[in-house]
Amino acid sequence: MSQADLLPILCYPDPRLHKVAKPVEAVDGRIRDLIEQMFATMYDAHGIGLAATQVDVHERLIVIDVSESRDQRLVLINPEIEWASDEKRKGEEGCLSVPGIYDGVERSIGVKVRALDEKGESRVIEAEGMLAVCIQHEMDHLMGKVFVEYLSPLKQGRIKTKMVKAAREAARP
């Protein structure tokens, strides 16, 4: 894929990040093309997960690759969490929509998710560790929630100010 195929990633506090995604109606050529563009965009941005919401497509689609080798692609279409562990752990999170910001968020240490894959086949994924955190983080995006919303109002305000300032500076000629 070329740079032209990369999708623009919405940055917090863009209000479009708060739209709730609708279910994908059909796993067809349009969705498979979007999946390829999302993986290319995610890899280019050095991310490990990307929800369609972040590229201004408000459908329930997530791409993930938490591997060091960047060759263990996971596609989740219309994902639903069937189980989440009661045990939680606070871990440092970042987000492609909130570049340069990292903070602690408490998440379940394990999840079981049912979703369609890129072929439209139903799958159940049991995940722990980084993959479980990534799935929960990306599923939040589908619900219109960004990880900074787990932080204190003071931190949220500081992050919003920093992001707005960075966007203004980037827009200057």
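Residues numbered from 1 in each chain as written. Predicted model: local features only at pLDDT ≥ 70, side-chain atom pairs only at ≥ 80, totals over all residues. Heavy atoms only, no water.

**Q** Honestly, the pattern of salt bridges in this entry has me stumped. Any pointers?
**A** In total, this model carries nine salt bridges according to the counting rule given. For D56, the salt bridge is made with R16, and the minimal N-O distance between the two is 3.1 Å. Highlighted residues: D56 in the loop between β1 (49-51) and β2 (61-64) and R16 in the segment before α1 (29-44), separated in sequence by 40 residues. Taking the shortest distance from any N to any O, the salt bridge between E80 and R60 comes out at 3.6 Å. Taken as a pair, E80 in strand β3 (residues 74-84) and R60 in the loop between β1 and β2 lie far apart in primary sequence, 20 residues in all. (Salt bridge = Lys/Arg side-chain N within 4 Å of Asp/Glu carboxyl O. Helix = DSSP H or I, 4+ residues; strand = E, 2+ residues; numbered from the N terminus.)

**Q** It is not clear to me how the sheet that holds β3 should be interpreted in this structure. Could you clarify?
**A** The strand order β1-β2-β3-β6-β7 describes an open sheet built from five strands, whose pairing is antiparallel. Single-partner strands in this sheet number two, and they are β1 and β7 (122-128). Pairwise comparison of adjacent strand axes, ignoring direction, gives a mean angle of 40° for this sheet. Where β2 lies against β3, four bridges are found, and the strand directions are antiparallel. (Pairing = 2+ DSSP bridges. Axes fitted to C-alpha atoms, helices over the stretch in contact; angles between N-to-C directions.)

**Q** Whenever I open this one, the side chain of S85 confuses me. Can you help?
**A** Mapping S85 onto the fold places it in the loop between β3 and β4 (88-93). At 3.1 Å, the side chain of S85 and the backbone nitrogen of I109 are in polar contact. Not counting residues up to four positions away in its chain, the partners in contact with S85 are S108, I109 and G110. (Polar contact = N/O pair within 3.5 Å; in protein donor to acceptor, adjacent residues only side chain to side chain. Contact = heavy atoms within 4.5 Å.)

**Q** For this particular structure, what's the right way to read the state of the cysteines?
**A** Among covalent bonds in proteins, the disulfide is the one between the sulfur atoms of two cysteines. All told, the structure shown has zero disulfides when counted by the stated rule. We note that C134 lacks a disulfide partner, and the nearest cysteine sulfur, in C95, lies 10.0 Å from it. C134 sits in the buried class, given a relative accessible area of 4%. (Disulfide = S-S within 2.5 Å. Buried < 20%, exposed > 50% of the residue type's maximum accessible area, 1.4 Å probe, protein only.)

**Q** I keep staring at unusual backbone geometry and nothing clicks. Help me out?
**A** With the exception of glycine, most residues fall at negative phi, and the peptide bonds are largely trans. P13 follows Y12 through a cis peptide bond whose omega is 10°. Its location among the elements puts P13 in the segment before α1. Phi is positive for H46, which is not a glycine, with a value near 60°. Within the element layout of this structure, H46 appears in the loop between α1 and β1. In this structure, D56 takes a positive phi of about 65° despite not being glycine.

**Q** Hey, could you run me through the packing of aromatic side chains in this one?
**A** Geometrically, a pair of aromatic rings is defined through the distance of the ring centres and the angle of the planes. If you walk through the whole model with that rule in mind, you get one aromatic pair. Taken together, a centroid distance of 5.8 Å and an interplanar angle of 25° make the contact between F39 and Y43 stacked. Note that F39 and Y43 are positioned in helix α1 at a spacing of four residues, about one turn of the helix. The buried category is assigned to F39, whose relative accessible area is 1%. For Y43, a relative accessible area of 22% corresponds to the partly exposed category. Positioned over the ring face of Y150 is K145, at 4.0 Å from the centre of the ring. (Phe/Tyr/Trp six-rings, centres within 6.5 Å; stacked < 30°, edge-to-face > 60°. Lys NZ or Arg CZ within 6 Å of the ring centre and 35° of its normal.)

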